[in-house]
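Breakdown of the fold
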Amino acid sequence: MTAPAATTTTAALLVNEQGHYLLHLRDANKAITAAGQWSLPGGHPNAGEGLDAAIVRELREETGLRIPGLAPFAVVEHTDAHGQPTGRIQVYAGRWSGDPALLPLTEGIMLRWTDPAQIPYLTMDPGTTAVIDHHRTAPHARPRAGEPIPVIRVRTGDTKTVLAVIGVHLYLERDGEILLGLRHPDSAYAPLQHHFLAGHCEQESALSCLIREAREEAGLVIKAEDVELVHTVHLVDSPGGQPRIQLVFRAHRWQGEPQVREKDKCVSWD
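Rules used throughout
Here the residue numbers are simple positions, counted from 1 along each chain's written sequence. Only residues with pLDDT of 70 or above have their local features reported here, since the model is predicted, and side-chain atom pairs are shown and tallied only from 80 upward, although totals for entire chains, interfaces and linings are computed over all residues. By convention in this description, side-chain values take in all heavy atoms of the structure and omit both hydrogens and water. For the purposes of this entry, the term helix denotes a DSSP run of H or I that reaches at least four residues, the term strand denotes a run of E that reaches at least two, and both are numbered from the N terminus. Each radius of gyration is computed over the set of C-alpha atoms, and the globule rule expresses the reference value as 2.2 Å times the number of residues to the power 0.38. For the exposure calls, accessible area comes from a 1.4 Å probe over protein chains only, and a residue counts as buried if that area is under 20% of its type's maximum, exposed if over 50%, partly exposed in between. For two strands to count as paired, DSSP must find a minimum of two bridges between them. For helices, the fitted axis covers only the stretch in contact; all axes are lines through C-alpha atoms, and the angles between them, taken along N-to-C directions, range from 0 to 180 degrees. Any two residues having at least one pair of non-hydrogen atoms within 4.5 Å are treated as being in contact. By definition here, a salt bridge exists when the distance from a side-chain nitrogen of Lys or Arg to a carboxyl oxygen of Asp or Glu is within 4 Å. Cysteine sulfur atoms that come within 2.5 Å of each other are treated as a disulfide pair. For the purpose of counting charges, residues Lys and Arg are taken to be positive, whereas Asp and Glu are taken to be negative. His and the chain ends are not included. Nitrogen and oxygen atoms within 3.5 Å of one another constitute a polar contact, given that in protein one can donate a hydrogen and the other can accept it, and given that sequence-neighbouring residues count only through two side-chain atoms. The span one expects for a helix is its residue count, reduced by one, times 1.5 Å. Note on terminology: a nonpolar core comprises buried Ala, Val, Leu, Ile, Met, Phe, Trp, Tyr and Cys residues joined through side-chain atoms within 4.5 Å.

**Let's talk about the overall build of the protein chain**
Per the secondary structure count, the protein chain includes three helices and 17 strands. For the protein chain, whose C-alpha radius of gyration is 28 Å, the value lies well above the compact-globule estimate of 18 Å for 270 residues. Expressed as lengths along the three principal axes of its C-alpha atoms, the size of the protein chain is roughly 80 × 40 × 35 Å. The burial tally for the protein chain puts 39% of its 270 residues in the buried class.

Structure below.
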């Protein structure tokens, strides 16, 4: 059984009389968690500071707010794509009905009251979405003294888009034989194995990449109109690894004979 991660930060879930939630738009161009997303105000405790004291200080420093009756409501536990805990946020609930535009905001872009019906259309921190969903199903269900605080688990891997590496591969067949290259023994990929002429897309289309790689690696001239897509492979080599999409193209016509032009990658063309 995996042990829970330590609670390392705090957040405040503030609701007004209309049932709207106070959301905090975080900076987009900073190396911070949930950059550019709507989240809850809060922050990390200072050295030797408890969570209860931390949320009171963070609200005062970031917004100037002093909320009486602020109480623990839930814990949001973030996990990675494999279900391993990566961090926990202690969420406190309270009520306030002022005008957020008048607050002296010191971090982030803005604060605003948000109708729950608008939340699906906002770029939201997934932990914030989860805790608001929990609050809407049980808005008055604060844990009593001695009762365990509910834990809301959010899988990071389910909410973050991971871009795939795009690779192109060239299938050439002549007189019943297929062109393969013997990879260099020091190659990072498939050393001492035979492989298609291949490469990774840069800021270009897959066809442009194929034409470029054929010229750079083997001195072959290929035209886009002589190429067709014949196979696609989508793979992840290991759990948590970079996803890859491999596109295999067949060229029906080309010019030139294959030559070894990148000797650090390919030993011979056969």
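Still to come is the rest of the account.
**Details of unusual backbone geometry**
It is generally the case that most residues other than glycine have a negative phi and that most peptide bonds are trans. Backbone geometry at Asp175 places phi at a positive 55°, although glycine is not the residue there. Tracing the backbone through its elements, the reader meets Asp175 in the loop between strand E10 (173–174) and strand E11 (177–178). Backbone geometry places Leu192, a non-glycine residue, at a positive phi of 55°. Summarising the element assignment, Leu192 is placed in the loop between strand E12 (181–183) and strand E13 (194–195). We classify Leu192 as exposed; its relative accessible area is 58%.

**Quick notes on the sheet that holds strand E16 (residues 244–251)**
Strand order in this open sheet of four strands is E14-E9-E16-E15, and the pairing throughout is mixed. Across the chains shown, the open sheet's two edge strands, defined by having one partner strand only, are strand E14 (197–200) and strand E15 (227–235). Going across the sheet, the axis of each strand differs from the next one's by a mean of 20°, ignoring polarity. Lying over the sheet, helix H3 (residues 206–218) contacts strand E9 (165–171), E14, E15 and E16, oriented at roughly 125° with respect to E14.

**Concerning the pattern of salt bridges**
Tallied over the entire structure, the rule returns 14 salt bridges. Between Glu216 and Arg212 there is a salt bridge; the shortest N-O distance is 3.1 Å. Of this pair, Glu216 and Arg212 both sit in helix H3, four residues apart, which is roughly one turn of that helix. Taking relative accessible area as the criterion, Arg212 reaches 11% and is therefore assigned buried. Among the ionic contacts, a cluster of salt bridges with common partners joins Glu202, Glu204, Arg212, Glu213 and Glu216.

**Quick word on the side chain of His184**
For His184, the position within the fold is in the loop between E12 and E13. Setting aside chain neighbours within four positions, we find His184 in contact with Pro191, Leu192, Lys263, Asp264, Lys265, Cys266 and Val267.

**Topic: the pairing of E16**
Here E9 runs beside E16; their pairing, made up of seven bridges, is parallel. In the strand pairing of E16, Gly167 is matched with Gln246. As paired strands, E15 and E16 are joined by eight bridges and run antiparallel to one another. The residue bridging His231 from the neighbouring strand is Val248, located in E16.

**Quick look at the state of the cysteines**
Applying the stated criterion across every chain yields a total of zero disulfides. With no disulfide partner, Cys201 has as its closest neighbouring cysteine sulfur the one in Cys209, 4.0 Å distant. Looking at Cys266, it has no disulfide partner, and the nearest cysteine sulfur is the one in Cys209, 16 Å off.

**What to know about the side chain of Arg183**
Inspection of the secondary structure puts Arg183 in strand E12. One buried charged residue, Arg183, remains without a salt bridge, the closest side chain of opposite sign being Glu217 at 5.4 Å. Of the polar contacts made by the side chain of Arg183, one reaches the side chain of Ser187; its length is 3.0 Å. Ignoring sequence-local partners within four residues, the contact set of Arg183 consists of Tyr189, Ala190, Pro191, Leu192, Gln193, His195, Lys265 and Val267.

**Considering helix H1 (residues 51–63)**
Helix length check: H1, at 13 residues, gives a terminal C-alpha distance of 18 Å against a target of 18 Å (1.5 Å per residue), a fit within 8%. Residues Ala54, Ile55, Arg57, Glu58, Leu59, Glu62 and Thr63 constitute the buried set of H1. Just beyond H1, the residue with positive phi is Gly64, at close to 80°.

**Section: the nonpolar core**
With 21 residues, the main nonpolar core has Leu13, Leu40, Val91, Val131 and Ile132 as its most contacted residues. Breaking this core down by element, the ones donating at least two residues are strand E1 (7–15), strand E2 (21–25), strand E5 (71–79), strand E6 (85–95), helix H2 (126–137) and strand E8 (151–155). For Val91, the residues in contact, after removing those within four places along its chain, are Ala11, Leu13, Leu40, Ala71, Pro72, Phe73, Ala74, Val76 and Val131. One finds Leu179, Ala214, Leu220 and Phe249 within the second-largest nonpolar core, a separate group that totals 18 residues.

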